[in-house]
Amino acid sequence: MTKKDCRYSRIMAETNSATSEKKLVRIDISSDTVCPWCFVGKKNLDKAIAASKDKYNFEIKWHPYQLDPNAPKEGIDKREYYKKKFGSRSDQMEARMSEVFRSVGLEYSISGLTGNTLDSHRLIYFGGQQGLGKQHDLVEELNLGYFTQGKYIGDLKFLLESADKVGIEGAEEFLKDPNNGLKEVVEELKTYSGNINGVPYYVINGNQKLSGGQPPEVFLRAFQVATS
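Residues numbered from 1 in each chain as written. Predicted model: local features only at pLDDT ≥ 70, side-chain atom pairs only at ≥ 80, totals over all residues. Heavy atoms only, no water.

An unreviewed UniProt entry lists the protein chain under the name DSBA-like thioredoxin domain-containing protein, with Crotalaria pallida as the source organism.

Listed below in structure tokens is the structure:
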């Protein structure tokens, strides 16, 4: 064995040792793809993960929640929908979300359509079957498109483009049958969303529970408590 081989072996041994010493943080997230605070929470969670990846290994699973299960599948103009739902408060809410999104480096857009999110949750479930990393990346793509680019969360083309960007295979065939993933999504809605009143909602290692678009430092404290 050469000196170079020895050095490589030593480095790998140290790396493996460091990895084995990391504590595991499992995070179950209930979220809806038209919930702006869910995206803000994700961006802050990602910051906390990046800041503590040397201490922990992470396993993140996304679970469905529907803010409006009766929202139209064909879509409705966002401003029209929000004005109907929130009345005069809708303009203030838009200004507030624009401010919050800028704080995480994004430009909030209320252009385009909103509507039923069931197909997006079916796709997120499907993505998770191909890897939790792909599922996490898919949620990012869906949120970016919907909240910053005026994409419609119920548009098949947009869903397939998002799946393709993160390397999810077979999405078109899966989504074309409306029954694919439906049972699993309904079961997860009961299991993970049946006893909560809003999203985002996080369960960390089964014992630490957080809600709302928390800042990174809150997640970091929760990681510490959950692994102690």
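Once you've had a look at it, read on.
## Overview of the overall build of the protein chain
Counting its regular elements, the protein chain contains ten helices and six strands. On the principal axes, the C-alpha backbone points of the protein chain span a range of 70 × 40 × 30 Å. The 228 residues of the protein chain split such that 43% are buried. In the protein chain, the share of contacts with a sequence separation of at least 24, taken over all contacts with a separation of at least 6, comes to 77%. The centroid of the 32 positive side-chain charges in the protein chain is displaced by 6 Å from the centroid of its 31 negative side-chain charges. (Helix = DSSP H or I, 4+ residues; strand = E, 2+ residues; numbered from the N terminus. Buried < 20%, exposed > 50% of the residue type's maximum accessible area, 1.4 Å probe, protein only. Contact = heavy atoms within 4.5 Å. Lys, Arg positive; Asp, Glu negative; His and termini not counted. Charge placed at Lys NZ, Arg CZ, Asp CG, Glu CD.)

## Quick look at the pairing of strand β5 (residues 201–204)
Sheet topology places strand β1 (residues 23–31) next to β5; four bridges connect them, and they run antiparallel. Note that in β5 the partner of Ser-30 across the bridge is Tyr-201. Alignment of β5 against strand β6 (residues 208–211), held across four bridges, turns out to be antiparallel. Considered in β6, the bridge of Tyr-202 is made with Leu-210. As consecutive antiparallel partners, β5 and β6 are separated by three residues, and within that stretch Asn-205 has a phi angle of approximately 50 degrees, a positive value. (Pairing = 2+ DSSP bridges.)

## What to know about the packing of helix α5 (residues 118–129) against helix α6 (residues 132–148)
As a packed pair, α5 and α6 sit with axes 7 Å apart at the nearest point and diverge in direction by 150 degrees. Considering the angle they form, α5 stands roughly antiparallel to α6. Contact with α5, carried on its side by Ser-120, Leu-123, Ile-124, Tyr-125, Gly-127 and Gly-128, involves Leu-132, Lys-134, Gln-135, Leu-138, Val-139 and Leu-142 of α6 and no other residues of that element. Per-class residue counts for the contact of α5 with α6 are seven nonpolar, four polar and one charged. (Axes fitted to C-alpha atoms, helices over the stretch in contact; angles between N-to-C directions. Parallel < 35°, antiparallel > 145°, perpendicular 65-115°, else oblique. Nonpolar A, V, L, I, M, F, W, Y, C, P; charged D, E, K, R; others polar.)

## Details of the sheet that holds β1
Spatially, the four strands line up as an open sheet ordered β2-β1-β5-β6, and their pairing is mixed. Edge positions in the sheet fall to β2 (56–64) and β6, since each of these pairs with one other strand and no more. Strand-to-strand twist across the sheet, computed as the mean angle between neighbouring axes with direction ignored, equals 20 degrees.

## Focus on helix α10 (residues 216–226)
Among all positions of α10, only Pro-216, Val-218, Phe-219, Ala-222, Phe-223 and Ala-226 are buried. The arc that holds every buried residue of α10, seen down its axis, measures 160 degrees, which confines them to one face. (Arc of directions from axis to C-beta.)

## Re the packing of aromatic side chains
Under the counting rule described, the total for this entry stands at twelve aromatic pairs. Ring geometry for Phe-39 against Phe-147: centres 6.0 Å apart, planes inclined by 20 degrees, an arrangement best described as stacked. Of this pair, Phe-39 sits in helix α2 (residues 36–52) while Phe-147 sits in helix α6, placing them 108 residues apart in sequence. Residues Phe-39 and Phe-147 agree in their burial class; the two are buried. (Phe/Tyr/Trp six-rings, centres within 6.5 Å; stacked < 30°, edge-to-face > 60°.)

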